[in-house]
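Residue strings, one per chain:
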Amino acid sequence: MASLTSSGAWLLILSLGVVGSQNISSRIGEPLVLNCKGAPRKPPQQLEWKLNTRRTEAWKVLSPEGDPWESVARVLPNGSLLLPAVGIQDEGTFRCRATNRHGKEIKSNYRLRVYQIPGKPEIVEPASELIAGIPNKVGTCLSEGGYPAGTLSWHLDGKSLVPDGKGVSVREETRRHPDTGLFTIQSELTVTPVPGGPLNPTFSCSLSLGPRSSGQRALHTAPIQLSVWEPEPLEEVRLVVEPEGGAVAPGGAVTLTCEAPAQPPPQIHWLKDGSPLAIAPRSVLFLPEVGVQDQGIYSCVATDQSHGSRESPGVSVSIIETGENGQEEGSVGGPRLGLLALVLGVLGGLVTAVLLVGILLWKRQHRLRKEERKVPECPEEEEERAELHQSEEQETAESNAGGP
């Protein structure tokens with residue numbers, strides 16, 4: 001830095017103002033002049049400046065005869081100390097020891113703190129509406145480029161909101177830029193509106209900078225007004241399957257639709273044979289090419305944050321097996337109904353065989369009874385009948401022998 005004449009130094013001091021307070025604050029990037037009390041206005045002077053800041057490991061000594069220290073601080077001709085552009089690294093203690101014209105030693109001591117006013121905070125990612133009875137994220141209040149970090153506060157209809165961990169909760173995060181050292185802070189607000197409460201609450205956020213900012217007032221965001229919905233209860237959950245019955249040929253498609261009327265819409269999860277399916281929540285489940293592994297009982301579970309969960313009745317998805325002629329070989333009801341049909345077929349065959357055997361036995365018994373009826377009741381009559389028949393045969397033979 002070029003050396004300043006006495007008149008130039010005085011002009012600079014008058015334009016910047018001489019700070020004589022023990023505890024002082026300065027805005028980052030602005031120049032600052034510290035006055036050495038008791039020092040003669042003009043050289044020769046007996047004085048010494050010592051500083052202990054974030055730039056130094058110990059006390060650093062500066063004198064009027066010394067060269068500028070890295071263009072960070074230098075002693076002016078009138079004995080004051082000039083910091084051309086105050087930075088975060090300049091926070092610390094500054095001391096001056098001077099001997100006046102009468103030989104009296106006077107000491108000056110300053111403790112410097114710096115600050116940076118950030119831009120106006122804003123509410124990012126605000127909610128569109130709130131639902132009574134359940135936790136809702138209102139939004140995130142964001143402030144960037146401040147030093148020190150400051151404090152964010154939330155307000156409801158102009159009144160401060162105090163986090164209680166139940167109806168009102170706040171999650172805060174503070175980050176510091178690695179190069180500038182400035183802070184970015186954010187505060188996420190979550191509230192649980194009371195059923196029957198205000199239908200259009202107004203939220204806002206403010207940033208308090210603290211005492212360093214020379215009386216700077218808190219910075220406020222633009223307010224946001226939200227609507228509160230009263231949730232409708234989850235009364236019935238119904239599962240619709242297409243095609244009806246859930247039976248398709250191998251490779252066919254099945255669409256399952258879960259109907260759960262409620263406000264707000266509940267989350268829909270799917271079960272197969274009682275076990276959850278590892279898929280994202282959705283109201284429609286599409287099975288494009290149904291195979292053996294897809295057969296089973298499907299159901300859906302609707303979850304509502306304020307009324308819990310409710311499961312639909314299950315529906316069956318099965319495969320229809322077809323033969324070469326295109327006719328159905330299996331039952332529409334799947335493997336269980338097919339097995340039932342097989343058992344009924346076997347039982348029908350057994351019944352038919354028993355009937356045939358019964359008919360044969362009945363016919364045989366009837367024939368035997370008829371033969372029993374032909375047997376004569378008296379053996380003597382049978383013998384007489386045989387003798388008579390024999391005598392008739394002899395007479396005929398003799399007649400034939402005595403002929404011409």
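Residues numbered from 1 in each chain as written. Predicted model: local features only at pLDDT ≥ 70, side-chain atom pairs only at ≥ 80, totals over all residues. Heavy atoms only, no water.

(A) Local environment of the nonpolar core. In this structure, L34, W49, L62, L81, L83, F94 and L112 are the most contacted members of the largest nonpolar core, which totals 25 residues. Mapped onto this core, the elements with two or more residues apiece are strand 2 (32–34), strand 3 (46–53), strand 6 (81–83), strand 7 (92–99) and strand 8 (105–115). Within the second largest apolar cluster, 23 residues are counted, among which are I123, I185, V191 and L219. (Core = buried A, V, L, I, M, F, W, Y, C linked by side-chain atoms within 4.5 Å. Buried < 20%, exposed > 50% of the residue type's maximum accessible area, 1.4 Å probe, protein only. Helix = DSSP H or I, 4+ residues; strand = E, 2+ residues; numbered from the N terminus.)

(B) The pattern of salt bridges, seen in detail. A full pass over the atoms with the stated rule returns 10 salt bridges. For R55, the salt bridge identified is with D90, shortest N-O distance 2.6 Å. Taken together, the residues R55 in the loop between strand 3 and strand 4 (60–62) and D90 in the loop between strand 6 and strand 7 connect sequence positions 35 residues apart. The buried category is assigned to D90, whose relative accessible area is 2%. Two residues, E188 and R171, come together in a salt bridge whose shortest N-O distance is 3.1 Å. Of this pair, E188 sits in strand 15 (residues 183–191) while R171 sits in strand 14 (residues 168–176), and the two are 17 residues apart along the sequence. By relative accessible area, E188 is classed as buried at 17%. Put simply, E125, K137, R171 and E188 are held in one network by salt bridges that share partners. (Salt bridge = Lys/Arg side-chain N within 4 Å of Asp/Glu carboxyl O.)

(C) Highlighting a nonpolar patch on the surface. Together, L344, V346, L347 and L350 line one region of the surface with nonpolar side chains, adding up to about 390 Å² of accessible area. Among the secondary structure elements, V346 is positioned in helix 2 (residues 335–373). For V346, a relative accessible area of 48% translates into the label partly exposed. (Patch = residues over 30% accessible without salt bridge, like charges linked within 9 Å, V, L, I, M, F, W, Y side chains within 5 Å. Areas by Shrake-Rupley, 256 points an atom, 1.4 Å probe, with all protein chains shown as cover.)

(D) Molecular detail of the pairing of strand 25 (residues 284–287). Residues L285 and L287 point to one face of strand 25 and are all buried, whereas V284 and F286, pointing to the other face, are not buried. Bridge count for strand 22 (residues 254–259) against strand 25 is four bridges, and the pairing is antiparallel. Among the inter-strand pairings, T257 is bridged to a residue of strand 25, identified as V284. (Pairing = 2+ DSSP bridges.)

(E) Broad picture of the sheet that holds strand 20 (residues 238–242). Strand order in the open sheet made by the three strands is 20-22-25, with antiparallel pairing throughout. A strand with exactly one partner marks an edge of an open sheet, and here the two such strands are strand 20 and strand 25. Neighbouring strand axes in the sheet, compared pairwise and without regard to direction, differ in orientation by 15° on average. (Axes fitted to C-alpha atoms, helices over the stretch in contact; angles between N-to-C directions.)

(F) Broad picture of the state of the cysteines. By the definition in use, this model includes three disulfides. Between the sulfur atoms of C36 and its disulfide partner C96 the distance amounts to 1.8 Å. Its S-S torsion of about -70° marks the bond between C36 and C96 as left-handed, since a negative value means left-handed. Here the residue C36 occupies a position in the loop between strand 2 and strand 3, and C96 occupies one in strand 7, the gap between them amounting to 60 residues. Here C36 matches C96 in class, with each residue buried. Take the cysteines of the protein chain that form disulfides and number them in order along the sequence; they join up as 1-2, 3-4, 5-6. (Disulfide = S-S within 2.5 Å.)

(G) A look at the environment of R74. Looking at the secondary structure, you find R74 in strand 5 (residues 74–75). With relative accessibility at 15%, the residue R74 sits in the buried group. Note: C-alpha distance between R74 and S63 (11 residues apart in sequence) is 8.2 Å.

(H) The arrangement of the sheet that holds strand 14 in detail. The antiparallel open sheet is built from four strands, whose spatial order is 9-11-15-14. Looking along the sheet, the strands with just one partner apiece sit at the ends: strand 9 (122–124) and strand 14. On average, each strand axis in the sheet is inclined to that of its neighbour by 25°, with strand direction left out of account. Sheet topology note: the strand 14/strand 15 ladder contains nine bridges and is antiparallel. Looking across to strand 15, one finds that V170 is bridged to L189.

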